[in-house]
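# Examining the three-dimensional arrangement
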Protein chains: 2
Amino acid sequence: MADDLELDRQVCFALYAASRAVTQLYRPLLDALGLTYPQYLVMLVLWEHGPTTVKELGRRLELDSGTLSPLLKRLETANLVTRRRLAADERSVEVHLTDAGRSLRSRATTVPRKVSAATGLTSHELRSLRRDLVRLTEAVGSSRLDPDQP
Amino acid sequence: MADDLELDRQVCFALYAASRAVTQLYRPLLDALGLTYPQYLVMLVLWEHGPTTVKELGRRLELDSGTLSPLLKRLETANLVTRRRLAADERSVEVHLTDAGRSLRSRATTVPRKVSAATGLTSHELRSLRRDLVRLTEAVGSSRLDPDQP
DNA sequence: CCGAATTCGATTGTGCGCAACTCGATCGTG
DNA sequence: CACGATCGAGTTGCGCACAATCGAATTCGG
């Protein structure tokens, strides 16, 4: 019905708009570090876990090599990471922080607090929002919608 | 601190991942209609409100002309919309549905129900999630973070 | 072992998002 | 009315996302 199509903009569009708005919030902070938001996510994984294969980055960030390969190439050009093939499995590439990549961490520590303050939500609301979003992502990830089914 | 950087992936990453997961959920349904998700949003506005200027589409969808102009050109090539300058203000371009664009609406009516069913959330949870997302978007939209401020 | 299937990463091509810019139309002020 | 400022679209350039494909390395089944 027409009503369904009007209502449709409610949750899904809200999610789409919120995600872009938050990315915009990060932009000036990350510009100062010379990073984009996806690049920042990669750096977060490397800061937290150390050397990580491309496959593992893809698993943690839910991104594929078509996104990660050129992104990592740009981080390498920026002298923040290096890549090397694993001796144990020459198919795998492990991403390592450079000294510059490691030292960038200290300049990034103020980012999360600024962002969460700007959201205008309490930490309780943020936690509740996160829980719903994770549930949504998990439920949606296991669905394969068929356009011909009801 | 290091802890902050780990926590940072919590809400913001959840939002980023959920948004992409939901877009993936739409993809097979919209592929059957020959639309991308942003194109579908434009069609929703046109189905609901009729002829709309590019500026008004941008206001409703929070997209700028750099995104909308090429998107509308593709919808025009697909024969779903036409564009014409307003006589009253030659700067403005009004977007109109073609007959094919109007008739696509009936094939889109099943999309919202399929998507909301696949989210695995109750309608109450979806409403609560939407409310938080809208608040987040509004709070974030009025913030301009300065990398040099605390 | 050995050939087929799988895995990993990179590449290609398309379509956003968004900043920065251009250009013509319009508006505001003197 | 003149003219500088502003406005609305469009264009350009860059960096994702993601589907599809490729090639090399590895694993698996017979």
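What comes next concerns the included structure. (Residues numbered from 1 in each chain as written. Chains lettered and ligands numbered in written order. Predicted model: local features only at pLDDT ≥ 70, side-chain atom pairs only at ≥ 80, totals over all residues. Heavy atoms only, no water.)

All names here are of chain A. Pairing is antiparallel in the open sheet, where three strands are placed in the order β1-β3-β2. The open sheet has two free edges, formed respectively by β1 (52–53) and β2 (81–85), since each of these has just one partner strand. Relative to strand β3 (residues 93–97), β2 runs antiparallel, the two sharing five bridges. Bridging across to β3, Arg84 finds its partner in Glu94. Across the sheet, helix α5 (residues 65–77) touches β2 and β3, and the angle it forms with β2 is around 125 degrees. (Pairing = 2+ DSSP bridges. Helix = DSSP H or I, 4+ residues; strand = E, 2+ residues; numbered from the N terminus. Contact = heavy atoms within 4.5 Å. Axes fitted to C-alpha atoms, helices over the stretch in contact; angles between N-to-C directions.)

Residue and element names in this part refer to chain A. Burial within β3 is extensive, with five of its five residues counted as buried. Of the two faces of β3, the one holding Val93, Val95 and Leu97 and the one holding Glu94 and His96 are both buried throughout. In the sheet, β1 pairs with β3 via two bridges, with the strands oriented antiparallel. Directly across from Thr52, in β3, lies its bridge partner Val95. (Buried < 20%, exposed > 50% of the residue type's maximum accessible area, 1.4 Å probe, protein only.)

Turning our eyes to something else, we now look at the protein's contact with DNA strand D. As a structural note, the neighbourhood of DNA strand D is formed by 26 residues, with A:Thr36, A:Gln39, B:Tyr16, B:Gln24 and B:Ser65 the closest of them. In the interface set of DNA strand D, defined as its atoms within 4 Å of the protein, sugar plus phosphate atoms amount to 76%. Looking at the surface near DNA strand D, the elements that each hand over two or more residues are α3 (37–49) and α5 of chain A together with α2 (11–31), α4 (54–61) and α5 (65–77) of chain B. Looking at the surface near DNA strand D, its residues break down into five nonpolar, ten polar and eleven charged. (Near = heavy atom within 4 Å. Nonpolar A, V, L, I, M, F, W, Y, C, P; charged D, E, K, R; others polar.)

This part takes up the protein's contact with DNA strand C. Around DNA strand C, the surrounding shell holds 27 residues, and the nearest of these are A:Tyr16, A:Gln24, A:Lys55, A:Ser65 and B:Thr36. For DNA strand C, the fraction of protein-proximal atoms (within 4 Å) that sit in sugar or phosphate groups is 75%. Between DNA strand C and the protein, one listed contact pairs a phosphate oxygen with a backbone N or O atom of A:Val54 at 3.5 Å. Here A:Lys55 contributes a backbone N or O atom positioned 2.7 Å from a phosphate oxygen of DNA strand C. Its residues assigned to classes, the surface near DNA strand C comprises six nonpolar, ten polar and eleven charged. (Polar contact = N/O pair within 3.5 Å; in protein donor to acceptor, adjacent residues only side chain to side chain.)

At 3.6 residues per turn, the α-helix brings residues three or four places apart onto the same side. Residues and elements named next belong to chain B. The end-to-end C-alpha distance of α2, which contains 21 residues, comes to 30 Å, matching closely the 30 Å that a straight helix rising 1.5 Å per residue would cover. Along α2, the sharpest change in direction is near 25 degrees and occurs at Leu25; proline Pro28 comes one to four residues later. Of all 21 residues in α2, 15 are buried, a share of seventy percent or more. (Expected span 1.5 Å × (residues − 1). Bend = angle between axes of the 7 residues up to and from the residue.)

A few words now on the pattern of salt bridges. Residue and element names in this part refer to chain A. Counting across every chain of the model gives 14 salt bridges over all chains. Residue Arg91 is joined to Asp89 by a salt bridge in which the shortest nitrogen-to-oxygen separation is 2.9 Å. With a relative accessible area of 71%, Arg91 lands in the exposed category. Each of Glu56, Arg59 and Arg60 takes part in a single network of salt bridges with overlapping partners. (Salt bridge = Lys/Arg side-chain N within 4 Å of Asp/Glu carboxyl O.)

Turning next to the packing of aromatic side chains. Within the structure shown, the criterion is met by ten aromatic pairs over all chains. On the basis of an interplanar angle of 45 degrees and a centroid distance of 6.1 Å, the ring pair of A:Phe13 and A:Tyr16 is categorised as tilted. With A:Phe13 and A:Tyr16 both in helix α2 (residues 11–31) and three residues apart, the pair spans about one turn of that helix. An angle of 45 degrees between the planes, with centres 4.8 Å apart, marks the rings of A:Tyr26 and A:Tyr37 as tilted. Here the residue A:Tyr26 occupies a position in helix α2, and A:Tyr37 occupies one in helix α3, the gap between them amounting to eleven residues. Overall, A:Tyr37 belongs to the buried group, its relative accessible area being 7%. Among the aromatic residues, ring-to-ring pairing joins A:Phe13, A:Tyr16, B:Tyr26, B:Tyr37 and B:Tyr40 into one connected group. The lysine or arginine in question, A:Arg20, covers the ring of A:Tyr16, its NZ or CZ lying 4.2 Å from the ring centre. (Phe/Tyr/Trp six-rings, centres within 6.5 Å; stacked < 30°, edge-to-face > 60°. Lys NZ or Arg CZ within 6 Å of the ring centre and 35° of its normal.)

This part covers the interface of chain A and chain B. With 67 residues of chain A at the interface, the matching set in chain B holds 68 residues. Counting each side, the surface lost to burial between chain A and chain B is near 6,500 Å², with a carbon and sulfur contribution of 66%. Among the residues of chain A in contact with chain B, A:Leu5, A:Arg9 and A:Leu145 are the three that bury the most area, contributing 11% of the side total. Where chain A touches chain B, the interface holds two salt bridges. For B:Glu125, the salt bridge goes to A:Arg135, with nearest N and O atoms at 2.2 Å. Linking chain A with chain B are nine residue pairs in polar contact (both at pLDDT 80 or more), by the criterion used here. Per-element tally for the side of chain A that touches chain B: the top contributor is α2(A), with 16 residues. (Buried area = accessible area lost by both parts, 1.4 Å probe.)

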